[in-house]
Amino acid sequence: MIRLNEHYAKLQASYLFVEIARRVADHAATNPARPLIKLGIGDVTRPLPPSVITAFHEGVEEQGNAANFRGYGPEQGYDFLREAIAKADFAARGCPISANDIFVSDGAKCDTGNFQELFAPDTRVAVPDPVYPVYVDTNVMAGRTGAAVDGRYEGLTYMEGTEANGFVPSPKDLGSQGAEVVYLCFPNNPTGATATKEQLAEWVDWANAQGSLILFDAAYEAFVTNPELPKSIYEIPGADRCAVEFRSFSKTAGFTGTRCAYTVVPSAIEIDGIKLRDMWNRRHSTKFNGVSYPVQKAAAAVYSPEGQKETGDLIAYYLENARIIRAAMEKVGYSCWGGENSPYVWVKTGESSWDTFDTLLKKADVVITPGSGFGRMGEGFIRISAFNDKERVEEAVERIITALS
Ligand SMILES: *Cc1c(COP(=O)(O)O)cnc(C)c1O
């Protein structure tokens, strides 16, 4: 008799976006007054930049032509893209990362979710709280946790993000149990918090001393405009011996619907005498057959001078929205995090996250995300996303100020 993976039964249903959709639908059915403005979901709204579209079209044309048609590409990604990434994202910032350490994929969600396959079942894992749920759920599916009790899985270590640590946990937040694998995400989703070089150095030194591994999610690095802040963990000396980094073109260049990302597994990381890079290469080339050629061409165009200019403008557009949102929430009198070097504004409302959600939905016809959906430490906070048109954002903040004042 077939038996199912029993660990899936431990998963808590993701009530968050289902519940948001239900409340929004109820509201829309009973209050057909103003159009809703959605500042909830973390998806971009601006179209792909012109230089990216041109390269994308060229790639499609090449595929329709016998002379330069391409079948399966290299599983690790085309050299032209990996070389462009290594040069612009790492060499230019002094990071010791080569094209050989870069694995092109169809998303950082899959990569952050899949990477844990390389570790033993009883590996001790730590995640931040609030958290991007993918880190948690994929470890639950793999059987690395016990049951959920009060919203937290037994056997998983939660590093608490608080006002006191500015939502940047340090190795001290691991407690006595420690961890062998730690997930970090900066700029953070959902809090918008960024980590300084000193804060990341504390993690890198800890990991190298312990023989632990950091899984660093840098999906929002493009939003870092403060030159003092690191975009990559490899800007920290020694990180190439203890950290894997996940990057994505989704938020950087508007690729959420186009799909391209990459993971960096430095050749210097060895565990039990085995190069982690070689193990990921084995896993990636066994289970993945590469990102489509036109998409990789489109991604490479991000690194052209025009592509850099255009994606820079995209980021600046969203950052201006974030600034407007944060200024408005501070005007209402709330403490805020993020919204600088990040597309998310994390707002302390001091009441239940869902109560604030309902108030803003009913009185302002604005949709945000309740912080409690990202973990226990998110209760009392909301996340407001800058991914929308500027006009809509301006209208939303006016409505919010009126509703809350
Ligand atoms: C959006 C996002 C990603 C990127 O996911 P893709 O699959 O590349 O679109 C990764 N991590 C976090 C925290 C995100 O918010």
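The model shown is predicted, which means the values in this text are computed figures rather than measured ones.

Peer 1: Sorry if this is basic, but what is going on with the domain arrangement of the chain here?
Peer 2: Many authors give the size of an interface as the accessible area that is lost as the parts come together. When cut into domains, the chain gives domain 1 (6-47 + 307-404) and domain 2 (54-304). Taking the mean C-alpha position of each, domain 1 and domain 2 sit 25 Å from one another. Of the residues lining the interface, 32 residues belong to domain 1; the matching set on domain 2 comes to 46 residues. Here domain 1 meets domain 2 over a buried area of about 3,200 Å², counting both sides, of which 61% is carbon and sulfur. When the area that domain 1 buries against domain 2 is broken down by residue, the three leading residues are Asn341, Phe374 and Met377, summing to 21%. The interface formed by domain 1 and domain 2 contains 15 residue pairs in polar contact (both at pLDDT 80 or more). Looking at the side of domain 1 that touches domain 2, the elements that each hand over two or more residues are α10 (305-332), β13 (335-338), β14 (344-348) and β17 (381-385).

Peer 1: What is the right way to read the site of the ligand from this model?
Peer 2: The immediate surroundings of the ligand are formed by 14 residues, with Tyr220, Ser248, Ser250, Lys251 and Arg259 found nearest. One of the backbone N or O atoms of Ala108 is found 2.7 Å from an oxygen atom in the ligand. In this structure, Lys251 approaches the ligand through a side-chain N or O atom, which is 3.4 Å from an oxygen atom. Burial of the ligand by the surrounding chains reaches 93%, relative to a free accessible area of 390 Å².

Peer 1: Could you clarify how one ought to interpret the sheet that holds strand β8 (residues 213-217) in this entry?
Peer 2: Strands in a sheet are paired, the pairing made by backbone hydrogen bonds, and the direction either parallel or antiparallel. Strand order in the open sheet formed by seven strands is β2-β10-β9-β8-β7-β3-β6, with mixed pairing between adjacent strands. The open sheet has two edge strands with one neighbour each: β2 (102-105) and β6 (157-160). Ignoring which end each strand starts from, the neighbouring axes of this sheet average 20 degrees apart. Relative to β6, strand β3 (residues 125-129) is paired through four bridges, and the arrangement is parallel. Across the sheet, Asp129 pairs through a bridge with Glu160, a residue of β6. Running over the sheet, helix α6 (residues 197-210) touches β6, β7 (181-185) and β8 and is turned about 150 degrees from β8.

Peer 1: Sorry, what's going on with the sheet that holds β17 here?
Peer 2: Ordered by their spatial adjacency, four strands build an open sheet running β13-β14-β17-β16, and the pairing between neighbours is antiparallel. Looking at the sheet topology across the chains shown, the edges are occupied by β13 and β16 (369-370). In this sheet, β17 lies alongside β16 in antiparallel orientation, the contact comprising two bridges. Residue pairing in the sheet places Pro370 in a bridge with Ile382 of β17.

Peer 1: Explain the pairing of strand β10 (residues 261-264) here, please?
Peer 2: For a regular strand, side chains alternate in direction, first toward one face of the sheet and then toward the other. Neither face of β10 is left uncovered, since the one carrying Ala261 and Thr263 and the one carrying Tyr262 and Val264 both have all their residues buried. Inspection of the sheet shows strand β9 (residues 243-248) paired to β10 by four bridges, in the antiparallel sense. Looking across to β10, one finds that Ser248 is bridged to Ala261.

Peer 1: Before we go on, may I ask you to explain the state of the cysteines in this structure?
Peer 2: Here is the idea: a disulfide is a covalent bond, and it sits between the sulfur atoms of two cysteines. Under the counting rule described, the total for this entry stands at zero disulfides. For the unlinked cysteine Cys185, the closest cysteine sulfur is that of Cys110, found at 16 Å. A residue is classified by how much of its surface remains accessible, and Cys185, at 2% relative accessible area, is buried. In this structure Cys260 is a free cysteine whose sulfur lies 11 Å from that of Cys110, the closest cysteine sulfur available. Residue Cys260 is classed as buried on the basis of its relative accessible area of 1%.

Peer 1: How should I be thinking about the pattern of salt bridges in this particular structure?
Peer 2: Should the charged atoms of two oppositely charged side chains come close, the side chains can pair. According to the stated counting rule, one finds 32 salt bridges in the structure shown. One salt bridge connects Arg277 with Asp278, and the closest N-O pair in it is separated by 2.9 Å. For Arg277, a relative accessible area of 8% corresponds to the buried category. Members of the salt-bridge network, linked through shared partners, are Glu19, Arg22, Arg23, Asp26 and Asp358.

The rules behind the values
Residues numbered from 1 in each chain as written. Predicted model: local features only at pLDDT ≥ 70, side-chain atom pairs only at ≥ 80, totals over all residues. Heavy atoms only, no water. Domains from an automatic or database assignment. Contact = heavy atoms within 4.5 Å. Buried area = accessible area lost by both parts, 1.4 Å probe. Polar contact = N/O pair within 3.5 Å; in protein donor to acceptor, adjacent residues only side chain to side chain. Helix = DSSP H or I, 4+ residues; strand = E, 2+ residues; numbered from the N terminus. Near = heavy atom within 4 Å. Areas by Shrake-Rupley, 256 points an atom, 1.4 Å probe, with all protein chains shown as cover. Pairing = 2+ DSSP bridges. Axes fitted to C-alpha atoms, helices over the stretch in contact; angles between N-to-C directions. Buried < 20%, exposed > 50% of the residue type's maximum accessible area, 1.4 Å probe, protein only. Disulfide = S-S within 2.5 Å. Salt bridge = Lys/Arg side-chain N within 4 Å of Asp/Glu carboxyl O.

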